[in-house]
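Secondary and tertiary structure notes
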Amino acid sequence: MRVLMRSTISLACNNCLTNLIVCRMSDRQKTLASCSNSGTSTTDVTYIQNVTSSESCSNNTTEKDNVPIVDSISEDPAEWVINDLTIDRLLLKEIKQNIDYDLLSTKLEFGNKTRYLKKSVFYRKLLNGEQQLRKFLIYSRSKNAVFCIPCRLFGGSTKLATEGLMDWRNVIKIVKQHEVSKEHTNCQIVFLRRSNNIGRIDSDLCIQINNEIDYWKNVLKRVIAVIKKLGSRGLPFRGSVEKFGSQNNGNFMMCLELISEFDPFLSNHIVQHGNPGSGHTSYLSSTTCDEIITLITTQVTNVIIKEIKSAKYFSIVIDSTPDISHTDQLAYVIRYVRDDGFPVERFMCFLPNIGHKSETLETAVLSFLTKHDIDINNCRGQSYDNAANMSGIYSGLQARIVKKNPYAYYVPCAAHSLNLVGTCVAECVKEGLSFFNTIQHLYSFFSASTRRWDILKSSLTLGKKVVKRADGTRWSARHEACDSLYQNYDGIMKNLSLLEEDNFEKATTRCEAAGLRRQLDRFETVFMTVFWNTILERFNSTSKELQKVNIDLGIVVKLYESLINFITSIRNDKCFNEYVILAKKIKSEEYEFDKVRTKKRKLQADETRENEVHMTGSDKLRIETYFTILDRVKSELEKRCAAYTNTFDKYDFLTNLILLSPEEITQKANKLQELYSDDLEKSFACECVHFRAYLQSINTNIDGVIELSIHLRGNNLDTVFPNVDIALRMLLCMAITNCSAERSFSTLKRVKNYLRASMEGDKLNSLSLLAIETELVNKMDFDAIIDDFATQKSRRKPMSTRH
């Protein structure tokens, strides 16, 4: 029975066919086989097993039936029957040199000496010391001799070609002379030419297959390029109609149509194969698109897993959010140090409906690591928000992970902790809480009506900001709201006055405008605007720095300490008076407290009013608001900073190697080595002192742990200072924030929007990975993706036999 193969891409073997099969090419190819006896032609190109070189394309008869047909060729060259059939069948497969045979059986007596064939005969030693395999030599067990394959097949006249060489005493000398001889060179050239498509009995078929392979490769390269670009932007692929030429065929087909306008190859392919219906191969369908998306994401995931295992040490970042379909999605991010010494945070997947209990979260985290064969014992850090189920010291997720691995230290999200500082401070005094409620109310008032919004925009000068929302979870939003109010204070007051006096407005609108105007007309509100604008500007700048991936624990500690020092520096009467002066530029100094008559407390029988303290409006604002807010900010910052300082103290000497003495370095290094006795050798302290001397000798300013790690890896010093490299990797792999997980939520909103609300599971993870890890996706090799696709899609289908 003949076996037919449809014209799918067979990329596993481009130059040879290990199995002799029947290939059915597509209708677009020219007929390559003609039937000389019948005078007809067929598009079915037949390559029949056991064919001879003299066989014609006749449908009913074959010539030279007396030629014996051998199913397999012997591995022994002495048994070869040299003819075209033997040569072609040998060239279709790899010829074994039989080096692995037991060469002790080659024992021969030469006088009083015993000689053996040595494996060194099969290798040529070059002048530079390298060894090169002599692929032309083959050993024959039946003859106990070695042959030259090209000379044996193509008419050589030496012993290596005819009866075999058995002179083990002079074999190396004879082989050296033979491999440079003219006869061997000519036979080798014929052998190589015959090994290629030219000169083979199936050369036309191989050329046709290669042309077919190149054609479909070019199609798939364009398809993969479109998928990469659409995936990196988080755009939808499919439309409501999957037909070329339709206005509703989706972004995938639209991009292919756009490319075809400038690419004749793709244009011709779409014309021939664009809308043929099911059962026709085009590789332009949504099914192919989904399969390639899966292949790309699989390769990207494998690259990430390989990098994690190569880095060894890692930390995990977990956070969850509900999506558009009210499904809770748990973002899984892993931080590690690349081979170049730079820390990265990679998105792994979304885990749906895990729940919020620490038990289920622990199961999900550990199951994922087990699935990808990642050892939890190599985890050196955890970073979550400050929710109790995550950060709880007794039964939270971090506590459960620490029970599995005591080295997996929990580091609270530095950016989230800073936001909590602001939240606590804003609620600590009445004036502060009232201020943020006012600016949020102001935004709601103007944004609720397009007319009011237009009035507000018309009063702004070029470059000024409109009012912003102040109830965001991030304090950067509050800074923008406060800054916009500070820049446009007078204009906002005028607009509120106009709306208050406009008789065409509703009574509720006029009343609301009047209330906001009165609140903004208070000097206390003006002072709070100036004061908070300065504080929040520093908070916002620090928060943005804390959200970067290339940040380490030492920088976090320094940033928190810098904020503490800043708050301490402005807690005095001088700075308070400076803020008052700035506020007076907007409104005259007139305190609300001074307008109200002070109530006098009734004295008891033994009391007098001599020691009573009478505060002015300025004193009240300074003592009960200004100092109170600053004291609370400092207290919260010190409390949050302590959590990072306790962890960083173990590694702080690595950032000050040049400044510290060898004795101090040795003492601190020994403590770290005792803590990580399974990771750091006892020579770690000595290495650190040596590394200090190296840094002093190079006279190069290396600032920060990341630059230190990059310098170490970039100059291949990790082999000289391996334990220093391990310590730096453990420090840098600690996740400081969970901002990468929160950034994935932004991608989730784009990928799974209200038009794609039913997307779940692997498809959601695949598209999210394409959009988030665009850097890795763009580095993926087209050929590797195509090879995987060909391996997955290649099928053989038995067809009926023609007689």
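Residues numbered from 1 in each chain as written. Predicted model: local features only at pLDDT ≥ 70, side-chain atom pairs only at ≥ 80, totals over all residues. Heavy atoms only, no water.

This part covers the nonpolar core. Judged by nonpolar contacts, the single largest core of 104 residues is most densely connected at F527, W532, Y626 and F653. With sequence-adjacent residues up to four places away left out, W532 is seen in contact with V425, G432, F435, F436, C482, E537 and I629. Among the nonpolar cores identified, the runner-up in size contains 76 residues, and I270, Y283, F347 and L770 belong to it. (Core = buried A, V, L, I, M, F, W, Y, C linked by side-chain atoms within 4.5 Å. Buried < 20%, exposed > 50% of the residue type's maximum accessible area, 1.4 Å probe, protein only. Contact = heavy atoms within 4.5 Å.)

In this approach a probe as big as a water molecule rolls over the atoms, and the regions it shows empty are the leftover space. With the rule as written, the count across this model stands at six cavities of 30 Å³ or more. For the second largest cavity, the calculated volume is near 60 Å³. Every residue lining the second largest cavity is listed: F237, R238, G239, E242, N249, F252, M253, S286 and C289. Listed by contribution, the elements that provide at least two residues to the lining of the second largest cavity are helix 6 (250-260) and helix 8 (286-311). (1 Å grid on protein atoms, 1.4 Å probe; cavity = no way out; pocket = protein on both sides within 12 Å on 5 of 7 lines; lining within 4 Å. Points joined across faces, edges and corners; volume = space filled by probe spheres on them. Helix = DSSP H or I, 4+ residues; strand = E, 2+ residues; numbered from the N terminus.)

In this section: the sheet that holds strand 13 (residues 328-337). The strand order across the open sheet formed by five strands is 14-13-12-15-16, and the pairing between neighbours is mixed. Each edge of the sheet is formed by a strand with only one pairing partner; in this case those strands are strand 14 (343-352) and strand 16 (409-410). (Pairing = 2+ DSSP bridges.)

Next up on the list: unusual backbone geometry. Its identity is not glycine, yet N144 carries a phi of approximately 50 degrees, on the positive side. Here N144 shows up in the loop between strand 10 (137-140) and strand 11 (145-148). For H326, which is not glycine, the phi dihedral falls at a positive 65 degrees. Overall, H326 belongs to the exposed group, its relative accessible area being 71%.

With that settled, consider the pairing of strand 14. Counting buried residues in strand 14 gives nine out of 10 residues, a clear majority hidden from the surface. Examined bridge by bridge, strand 13 and strand 14 share nine bridges and lie antiparallel to one another. The partner of Y332 across the bridge, within strand 14, is C349. Two successive antiparallel strands, strand 13 and strand 14, enclose a turn made up of five residues, where G341 displays a positive phi of approximately 90 degrees.

Moving on: a nonpolar patch on the surface. There is a patch of nonpolar side chains on the surface, built from M254, L258 and F262 and spanning about 330 Å² of accessible area. Note that L258 resides in helix 6. Owing to a relative accessible area of 45%, L258 belongs among the partly exposed residues under this scheme. (Patch = residues over 30% accessible without salt bridge, like charges linked within 9 Å, V, L, I, M, F, W, Y side chains within 5 Å. Areas by Shrake-Rupley, 256 points an atom, 1.4 Å probe, with all protein chains shown as cover. Salt bridge = Lys/Arg side-chain N within 4 Å of Asp/Glu carboxyl O.)

Moving on to the side chain of S766. Looking at the secondary structure, you find S766 in helix 28 (residues 761-772). In this structure, S766 is in contact with I293 and T297, ignoring residues within four places of it in sequence.

To continue, consider the packing of helix 8 against helix 28. Following both chains from N to C, one finds helix 8 and helix 28 inclined at 65 degrees, their axes separated by 9 Å at the closest point. The two elements helix 8 and helix 28 cross, and the hand of that crossing is left-handed. The residues of helix 28 that touch helix 8, namely those facing D290, I293, I296, T297, V300 and T301, are K763, S766, L767, L769 and L770. A class-by-class count of the residues in the contact of helix 8 with helix 28 yields six nonpolar, three polar and two charged. (Axes fitted to C-alpha atoms, helices over the stretch in contact; angles between N-to-C directions. Left-handed = near helix turned anticlockwise from the far one by under 90°. Nonpolar A, V, L, I, M, F, W, Y, C, P; charged D, E, K, R; others polar.)

So, about the side chain of T529. You can see T529 is positioned in helix 18 (residues 523-546). Among the residues examined, T529 registers a relative accessible area of 0% and is labelled buried. Dropping the residues within four chain positions of it, T529 is found in contact with F435, C482, L485, Y486 and Y489.

Another aspect to go through is the environment of P276. On the secondary structure map, P276 appears in the loop between helix 7 (264-273) and helix 8. Between the alpha carbons of P276 and K243 there is a distance of 9.5 Å; along the sequence they are 33 residues apart.

This paragraph deals with the packing of helix 20 (residues 573-584) against helix 22 (residues 617-648). Following both chains from N to C, one finds helix 20 and helix 22 inclined at 110 degrees, their axes separated by 12 Å at the closest point. Accordingly, the angle class assigned to the pair helix 20 and helix 22 is roughly perpendicular. Helix 22 is crossed by helix 20, and the crossing has right-handed handedness. On the side of helix 20, the interface is formed by D573, C575, F576 and Y579, while helix 22 contributes S618, L621, R622, Y626 and F627. Here the residues of the contact of helix 20 with helix 22 sort into six nonpolar, one polar and two charged. (Parallel < 35°, antiparallel > 145°, perpendicular 65-115°, else oblique.)

Confidence along the chain averages 82 in pLDDT terms, with 86% of residues attaining 70 or more. With pLDDT under 50 throughout, residues 1-71 is counted as low confidence; its partners more than four residues away or in other chains account for 119 contacts. Within the model, pLDDT remains below 50 along residues 796-803, and this stretch shows 12 contacts once partners closer than five positions in the same chain are excluded. (pLDDT = per-residue confidence, 0-100.)

This part is about the packing of aromatic side chains. Taken as a whole and judged by the stated rule, the model has 31 aromatic pairs. Between Y283 and F789, the ring centres sit 5.3 Å apart and the planes meet at 80 degrees, which makes this aromatic pair edge-to-face. Placement of the pair is Y283 in the loop between helix 7 and helix 8 and F789 in helix 30 (residues 782-793), with a sequence separation of 506 residues. Where Y560 meets Y644, the ring centres are 5.4 Å apart and the plane angle is 40 degrees; that geometry is what we call tilted. Residue Y560 is found in helix 19 (residues 553-570), and its partner Y644 is found in helix 22; the two are separated by 84 residues along the sequence. Grouping residues by exposure puts Y560 and Y644 together as buried. (Phe/Tyr/Trp six-rings, centres within 6.5 Å; stacked < 30°, edge-to-face > 60°.)

Let's shift gears to the pattern of salt bridges. Considering all chains together, one arrives at 37 salt bridges under this definition. We note a salt bridge from D340 to R338, for which the minimum N-O separation is 2.9 Å. The salt bridge partner of E537 is R538, with a shortest N-O separation of 2.8 Å. Its relative accessible area of 31% is what places E537 among the partly exposed residues. Residue R538 is classed as partly exposed on the basis of its relative accessible area of 32%. A single network of salt bridges, built from pairs that share partners, joins R338, D340, R346, E773, E775 and K779.

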